[in-house]
Amino acid sequence: MNVLIVDDDRFVVKLLKEKVDWGNLGIEHVYTAHNIRQAKNVFIKQSIHLLISDIEMPYGSGLELLAWARQEGYTIQTIFLTNFADFHYAQKAIELQSFEYYLKPIEIDKLEFSILKAIKKVKITQQSEKAIQVGQYWQQNKQKLVDHFWSSYIRNQEWLKAELEEQLLKNHLNYSIDDSFLPILLNIFPYNISFKENSPAILEIDEKLVSKLIAHLNSTFKDTTFTLESVVGLDINKEKYVLLLRNNGVHLEYPPLVPLCENLIQTLKHDLLIDTQFSIGYSTTLVNIHTTVKQLQQKSEDTIDFRNTVHYFLSYEKKTYKYGEPNLAILEKYLQNGNKQSFLNKCRQYLVHLKEKNNLNLSVLCNFRLDITQLLFTYLKKKEVLAHKLFDGNTNNLLQTQSLRSIDDMMIYITYLIDISLHYLDFIYSQKSVVNTICDYIDEHYQENITRDSIAKIVYLSPDYIARIFKKEKGLSLVNYIIKKRVDIAKDLLIQTTLPVHIISDKVGYGNYSYFTKLFKKETNYTPYEYRRKEKASTL
């Protein structure tokens, strides 16, 4: 707490500064000024809580200084000192809300008593201002504090009753642990079903989209009989959320919630271009909501349906599902005939049938995906295609991960697998296309260490199969073709440049100079040096 003493009488200023026990009164800094101009500069540069000022001074009175301070918004307590018991001065001091009007001569002990009372008034004012600021902060940041509470409660480990009550008190939340809440899970699907060059159109779920999403949710629940307290993100990918609805003394019924969520699905699809899925839980007390949300998540993940659907769960009983595999023989026949549409239709019919019989869950879907991928991979292996290389990449990883979220996503993944498989089989059926791809690769990478395995990674075929079709098409082995390509390039470099032979050896992929010389002579009947001399002599 700081004080400013203002008086044109330097003796008075010195007296007050030295004789008053400021430290014992709780004053940290004592600033001084001898006129209004100096005093205003102190106010601007320092934080002043108590003003002790003479009234009559040259270049402006203490009353004018206080009027200026009030106009500028400074919250201070003021004690006026004066030699004149003028009623006009006293009246003006009262109008300006001064704390004390003190007649000189100064008695230090009496002045200290007045200062002490003023300091108490300052502290009361500070506490009131702080309370107002806290209240304003709470109003401005109420939703952030509410969201922080719910996020901590839902995403972290469950709080005990005493811990929960402590958090409610800490965050100034008007909740009781017996208040009733209902959770609704919201799933967002991060890509749509259209493909371009075998890549899904990915939807970037950024902060801007999330803000729009929450605005739509708030707008939808605004005019209902319950309150949307918070929307809590459940994963780092921003694909899963839980909506916390407060009962408000009204029993939450499912019938009005289902069409509400159905309408919201259509709104989000139209306005934000996103597919969603809602899972409605049941009402429970605040102290049990953490467990209820976890159970709702498990039930939602285990319930397989199409995108843009609404589910509601009155309980979370675990059901055992028996997996019955699809007709793999018919699917394999469709695959052999290249009948993509029949293959996909059969898969879809199988999944829809399981859903209608209420016999489709996460475990069943996992087994189905395993059967389909094994069927495809086995078929590709018979065709000498390395399926694990063909489907190695970010697109496959994304679609495979998402495939267990809905029937739509599983069909997207199967469509992707079939498209890639049949397209590549068409490619390898034209052996000339495969061989040309290999030749193009050798032309571009002849200076590197080329092996049958490195080529197999490019065309996704087994090394033995590559060797067979290459020799059949080109009339020489793959190894001999690479040697011939390198030697031909070495010939050009020997004729057209003055590079040393060991440098040329490196440039055509042979780090071992002796081995390069041996291969070169075998192909041309000359060593590299002999070949260069012969060719240069022939041009003279």
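For the structure, check the block above.
Residues numbered from 1 in each chain as written. Predicted model: local features only at pLDDT ≥ 70, side-chain atom pairs only at ≥ 80, totals over all residues. Heavy atoms only, no water.

Draft legend 1. Examining the overall build of the protein more closely. Counting its regular elements, the protein contains 23 helices and 13 strands. In terms of overall dimensions, the protein is more spread out than a globule: its C-alpha atoms have a radius of gyration of 42 Å, far above the 24 Å expected for 540 residues. Considering only C-alpha atoms, the protein reaches an extent of 125 × 85 × 40 Å along its principal axes. Each of the 540 residues in the protein was classed as buried or not, and the buried ones make up 46%. (Helix = DSSP H or I, 4+ residues; strand = E, 2+ residues; numbered from the N terminus. Rg over C-alpha atoms; globule rule 2.2 N^0.38 Å. Buried < 20%, exposed > 50% of the residue type's maximum accessible area, 1.4 Å probe, protein only.)

Draft legend 2. Structural view of the environment of Ile205. Examined against the element boundaries, Ile205 turns out to sit in the loop between β8 (199-202) and α8 (207-221). Under the relative-accessibility criterion, Ile205 is labelled buried at 12%. Remark: the alpha-carbon pair of Ile205 and Ile236, spanning 31 residues in sequence, is separated by 11 Å. Setting aside residues up to four positions removed in sequence, Ile205 forms contacts with Ile188, Pro190, Val210, Asn237, Lys238 and Glu239. (Contact = heavy atoms within 4.5 Å.)

Draft legend 3. A look at the packing of helix α22 (residues 513-524) against helix α23 (residues 528-538). Their axes nearest at 9 Å, the elements α22 and α23 cross at an angle of 55°. Classed by the angle they form, the pair α22 and α23 counts as oblique. Contacts from Tyr513, Phe516, Thr517 and Phe520 of α22 reach α23 at Pro528, Tyr529 and Tyr531. (Axes fitted to C-alpha atoms, helices over the stretch in contact; angles between N-to-C directions. Parallel < 35°, antiparallel > 145°, perpendicular 65-115°, else oblique.)

Draft legend 4. A look at the nonpolar core. Formed by 59 residues in total, the largest nonpolar core has its most connected members in Leu351, Phe368, Ile414, Ile438 and Leu461. Broken down by element, the residue count for this core peaks at 14 residues, all from helix α16 (residues 407-429). Discounting residues that sit within four places of it in the chain, Phe368 has contacts with Tyr323, Pro326, Cys347, Tyr350, Leu351, Met410 and Ile414. Leu182, Leu213, Val231 and Val258 belong to the second largest nonpolar core, which has 28 residues in total. (Core = buried A, V, L, I, M, F, W, Y, C linked by side-chain atoms within 4.5 Å.)

Draft legend 5. Layout of the pattern of salt bridges. Under the definition given, this model contains 17 salt bridges. In this structure, the salt-bridge partner of Lys238 is Glu207, at a minimum N-O distance of 3.5 Å. Of this pair, Lys238 sits in the loop between β9 (227-233) and β10 (240-246) while Glu207 sits in helix α8, and the two are 31 residues apart along the sequence. (Salt bridge = Lys/Arg side-chain N within 4 Å of Asp/Glu carboxyl O.)

Draft legend 6. Layout of unusual backbone geometry. In this structure, Lys238 takes a positive phi of about 60° despite not being glycine. According to the relative accessible area criterion, Lys238 is partly exposed, its value standing at 24%. The phi dihedral of Asn308 is positive, around 55°, even though this residue is not glycine. One can find Asn308 in the loop between α10 (289-302) and β13 (310-312). Given a relative accessible area of 24%, Asn308 falls into the partly exposed group.

Draft legend 7. Broad picture of the pairing of β9. Burial analysis of β9 places six of its seven residues in the buried class, the great majority of the element. Taken together, the six bridges between β9 and β10 define a ladder with antiparallel strand orientation. Note on β10: the bridge partner recorded for Val231 is Leu243. Here β9 folds back onto β10, and the loop between the two strands holds six residues, one of which, Lys238, carries a positive phi near 60°. (Pairing = 2+ DSSP bridges.)

Draft legend 8. Layout of helix α19 (residues 463-474). Taking 1.5 Å per residue, twelve residues should reach 16 Å; α19 reaches 16 Å between its end C-alpha atoms and fits that length. Along α19, the positions that sit buried rather than exposed are Pro463, Tyr465, Ile466, Ile469 and Phe470. Projection of α19 onto a plane perpendicular to its axis shows the buried side chains occupying an angular sector of 155°, all on one side. Gly475, located one to two residues past α19, shows a positive phi value of around 80°. (Expected span 1.5 Å × (residues − 1). Arc of directions from axis to C-beta.)

Draft legend 9. Representation of the environment of Leu344 within the structure. Along the polypeptide, Leu344 turns up in helix α12 (residues 340-356). Taking the C-alpha atoms as reference, Leu344 lies 6.9 Å from Thr415; in sequence the two are 71 residues apart. Leaving out residues up to four positions away in the same chain, Leu344 has contacts with Met411, Ile414, Thr415 and Ile418.

Draft legend 10. The arrangement of the packing of aromatic side chains in detail. Evaluation of the coordinates by the stated rule reveals 21 aromatic pairs. Summarising the aromatic geometry, the rings of Tyr153 and Trp159 are spaced 5.3 Å apart at their centres and angled 5° between planes, so their arrangement reads as stacked. For the ring pair Tyr510 and Tyr515, a centre distance of 5.9 Å and an interplane angle of 70° mean the geometry is edge-to-face. For Tyr510, a relative accessible area of 8% corresponds to the buried category. Aromatic rings pair up to connect Phe149, Trp150, Tyr153, Trp159, Tyr175 and Phe181 into one cluster. The side chain of Arg405 reaches across the aromatic face of Phe189, ending 4.6 Å from its centre. If you follow Arg486 out to its NZ or CZ, it ends over the ring of Tyr510, 4.9 Å from the centre. (Phe/Tyr/Trp six-rings, centres within 6.5 Å; stacked < 30°, edge-to-face > 60°. Lys NZ or Arg CZ within 6 Å of the ring centre and 35° of its normal.)

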